[in-house]
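Reading the structure
Here's the letter readout for the chains.
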Amino acid sequence: MARRCELTGKDVMTGNNVSHANNRSRRRFLPNLCNVTLMSETLGRSFSLRISAHALRSVEHRGGLDAFLAKAKTDELSLKAAQLKREIKRKQQAASA
C-alpha cells in the first residue's frame, strides 16, 4: 500500500538529518495518514479512505466529501476517489435534470 493520500496526493518527501556538527544523512518525511470513513450525502453511503490529517481538515472545511471532490483536481485523486467523484457528479446531474 502506497504512502499517499487518496484525496490530496500528498506523499513521502525526502530530506536530510543535520547534526550539530553539520553532518548530513538522508531521511524520509512520511505523511500523517489516517484510515477514515467519510459519508457522501449525495450517494447516501459511506466510503473508507486513507487520507492525510490535512486532507481531513480540508474536507470538513469545505463542507463534506461531496463538496471537496467537486473542487478537487482529478489527476491528484486516487483511482478510487476519482471514480467516486464521477459517480457523485452523475447523481447530482440526474437529480437536477
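Since the model is a prediction, treat every value here as computed from it, not as a measurement.

The rules behind these values
Residues numbered from 1 in each chain as written. Predicted model: local features only at pLDDT ≥ 70, side-chain atom pairs only at ≥ 80, totals over all residues. Heavy atoms only, no water. Helix = DSSP H or I, 4+ residues; strand = E, 2+ residues; numbered from the N terminus. Rg over C-alpha atoms; globule rule 2.2 N^0.38 Å. Buried < 20%, exposed > 50% of the residue type's maximum accessible area, 1.4 Å probe, protein only. Contact = heavy atoms within 4.5 Å. Areas by Shrake-Rupley, 256 points an atom, 1.4 Å probe, with all protein chains shown as cover. Lys, Arg positive; Asp, Glu negative; His and termini not counted. Charge placed at Lys NZ, Arg CZ, Asp CG, Glu CD. Expected span 1.5 Å × (residues − 1). Arc of directions from axis to C-beta. Core = buried A, V, L, I, M, F, W, Y, C linked by side-chain atoms within 4.5 Å.

When its secondary structure is counted, the chain shows three helices and four strands. In sequence order, the chain lays out its α and β elements as β-β-β-β-α-α-α. Radius of gyration (C-alpha) of the chain: 17 Å, far over the 13 Å computed for a compact globule of 97 residues. A principal-axis box enclosing the C-alpha atoms of the chain has dimensions of 65 × 20 × 20 Å. Looking at the 97 residues of the chain, the share that counts as buried comes to 31%. If you take every contact in the chain between residues at least 6 apart in sequence, the share linking residues at least 24 apart comes to 41%. Working note: accessible area of the chain is about 6,800 Å², and carbon and sulfur atoms make up 48% of it. Side-chain charges of the chain comprise 19 positive and 8 negative groups, with the mean position of each set lying 6 Å from the other.

Positionally, His 20 belongs in the loop between strand 1 (13-18) and strand 2 (24-29). Classification of His 20 as exposed rests on a relative accessible area of 87%. Once the C-alpha coordinates of His 20 and Arg 3 are considered, the two residues, 17 residues apart in sequence, prove to be 30 Å apart.

What follows is about helix 3 (residues 79-96). Its 18 residues place the ends of helix 3 26 Å apart at the C-alpha level, agreeing with the 26 Å of an ideal helix rising 1.5 Å per residue. Taken residue by residue, helix 3 has Ala 81, Ala 82, Leu 84, Lys 85 and Ile 88 as its buried positions. The buried residues of helix 3 occupy an angular sector of 160° when the element is viewed end-on, so they sit on one face. The outward face of helix 3, more than 90 degrees from its buried face, is lined by the exposed residues Leu 79, Arg 90 and Ala 94. For helix 3, the secondary structure elements touched by its buried residues are strand 3 (33-40), strand 4 (45-52) and helix 2 (65-71).

Looking now at the nonpolar core. Proteins that are soluble and globular tend to have nonpolar side chains buried together. By size, the foremost hydrophobic cluster in this structure holds 20 residues, and its most contacted members are Leu 7, Leu 38, Ile 51, Leu 65, Leu 69, Leu 77 and Leu 84. Of all the elements in the fold, those that place two or more residues in this core are strand 3, strand 4, helix 1 (53-62), helix 2 and helix 3. Top contributing element to this core by residue count: helix 3, with four residues. When sequence neighbours within four positions are dropped, the list of residues in contact with Leu 69 reads Leu 7, Leu 77, Ala 81, Leu 84, Lys 85 and Ile 88.

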